Amino acid sequence: MSVLSILEFPDPRLRTRAEPVSVFDARLEQLVADMFETMYAANGVGLAATQVNVHQRVLVADMSDDRKQPLALINAQIVEKEGSQVYQEGCLSFPGLYADVTRALRVKVKAQDVHGKDIVVEAEGPLAVCIQHELDHLEGKVFVDYLSSLKRTLLLKRLDKQRKQAASA
Ligand code: GNR
Ligand code: NI
């Protein structure tokens with residue numbers, strides 16, 4: 001297993017749309033294992049393959065407190081969504097940046113597991129946020145896309161400033 005490096009904004013590769021997975025082999029299992037290791041090492045609750053520069057529809061998540069409830073979804077698609085919630089999001093591709101985003105409260109997702117078996121996941125609250133956030137990555141979309149341009153500009157300037165300060169420290 002290995003920890004992969006995570007693409008950071010404004011890397012244009014974060015805008016790539018992922019392709020469906022059609023082959024469920026040892027290579028896919030290795031990718032999923034590496035994505036879990038990368039996510040846990042970065043203290044993230046989710047990770048999309050896009051963020052590790054693999055443009056296939058693969059996401060992992062673990063919202064549990066004990067970090068022992070790994071969820072890997074291949075070719076996931078939202079088939080039902082309901083309600084709305086505002087949640088303060090962060091993203092491993094935008095270290096240090098947090099912003100409120102409005103998303104569906106509940107989602108029903110059809111996907112495959114790492115072996116290609118069809119699965120249905122119903123999620124609510126934070127896990128529903130995480131799944132929607134990861135599915136966006138697979139479409140080349142990131143959470144700051146939901147902010148007003150004024151707010152986005154302000155937050156991205158702040159992020160830039162933090163990076164410059166970190167680089168000169
Ligand atoms: O680790 C993460 N935390 C998080 C917090 C609120 C909403 C979404 C997330 S996902 C993020 C990891 C990440 O960047 N996944 O793409
Ligand atoms: Ni993210």
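Residues numbered from 1 in each chain as written. Chains lettered and ligands numbered in written order. Predicted model: local features only at pLDDT ≥ 70, side-chain atom pairs only at ≥ 80, totals over all residues. Heavy atoms only, no water.

1. Here's the deal with the coordination of the nickel ion (ligand 2)
Every protein donor of the nickel ion (ligand 2) is accounted for by C91 (SG), H133 (NE2) and H137 (NE2), and the metal-donor separations fall at 2.1 to 2.3 Å. Here the donor residues for the nickel ion (ligand 2) map to a single chain with the spacing C-x41-H-x3-H. Of this pair, C91 sits in the loop between β4 (85–89) and β5 (99–103) while H137 is found in helix α2 (residues 126–138), placing the two residues 46 residues apart along the sequence. (Donors = N, O, S within 2.8 Å, 3.2 Å for Na, K, Ca; no water. Helix = DSSP H or I, 4+ residues; strand = E, 2+ residues; numbered from the N terminus.)

2. Observations regarding the site of ligand 1
In the vicinity of ligand 1 lie 14 residues, with V45, Q51, L92, E134 and H137 positioned nearest. Note that an oxygen atom of ligand 1 is positioned 2.8 Å from one of the backbone N or O atoms of L92. The side chain of H133 places a nitrogen or oxygen atom 3.2 Å from an oxygen atom of ligand 1. Protein contact buries 89% of the 380 Å² of open area that ligand 1 shows by itself. Elements with a contribution of two residues or more to the shell around ligand 1: β4 and α2. Considering each element in turn, the shell around ligand 1 owes the most residues, four residues, to α2. Partitioning the shell around ligand 1 into residue classes produces five nonpolar, seven polar and two charged. (Near = heavy atom within 4 Å. Polar contact = N/O pair within 3.5 Å; in protein donor to acceptor, adjacent residues only side chain to side chain. Areas by Shrake-Rupley, 256 points an atom, 1.4 Å probe, with all protein chains shown as cover. Nonpolar A, V, L, I, M, F, W, Y, C, P; charged D, E, K, R; others polar.)

3. Re the pattern of salt bridges
Applying the stated criterion to the full structure yields 11 salt bridges. Residue D145 pairs with R15 through a salt bridge whose shortest N-O separation is 2.8 Å. Placement of D145 in the loop between α2 and α3 (149–168) and of R15 in the segment before α1 (26–41) is noted, with a sequence separation of 130 residues between them. Residue classification places D145 among the partly exposed positions, given a relative accessible area of 28%. By relative accessible area, R15 is classed as partly exposed at 41%. Residue R103 is joined to D136 by a salt bridge in which the shortest nitrogen-to-oxygen separation is 2.9 Å. Remark: D136 occurs in helix α2 and R103 occurs in strand β5; sequence separation between them is 33 residues. (Salt bridge = Lys/Arg side-chain N within 4 Å of Asp/Glu carboxyl O. Buried < 20%, exposed > 50% of the residue type's maximum accessible area, 1.4 Å probe, protein only.)

4. Regarding the side chain of D62
For D62, the location among the structural elements is in the loop between β2 (58–61) and β3 (71–82). Although D62 lies buried, it forms no salt bridge, and the closest oppositely charged side chain, R67, sits 4.8 Å away as judged by the N-O distance. Among the polar contacts made by the side chain of D62, one reaches the side chain of Y40 at a distance of 2.5 Å. In this structure, D62 is in contact with M39, Y40, V45, R67, K68, Q69 and P70, ignoring residues within four places of it in sequence. (Lys, Arg positive; Asp, Glu negative; His and termini not counted. Contact = heavy atoms within 4.5 Å.)

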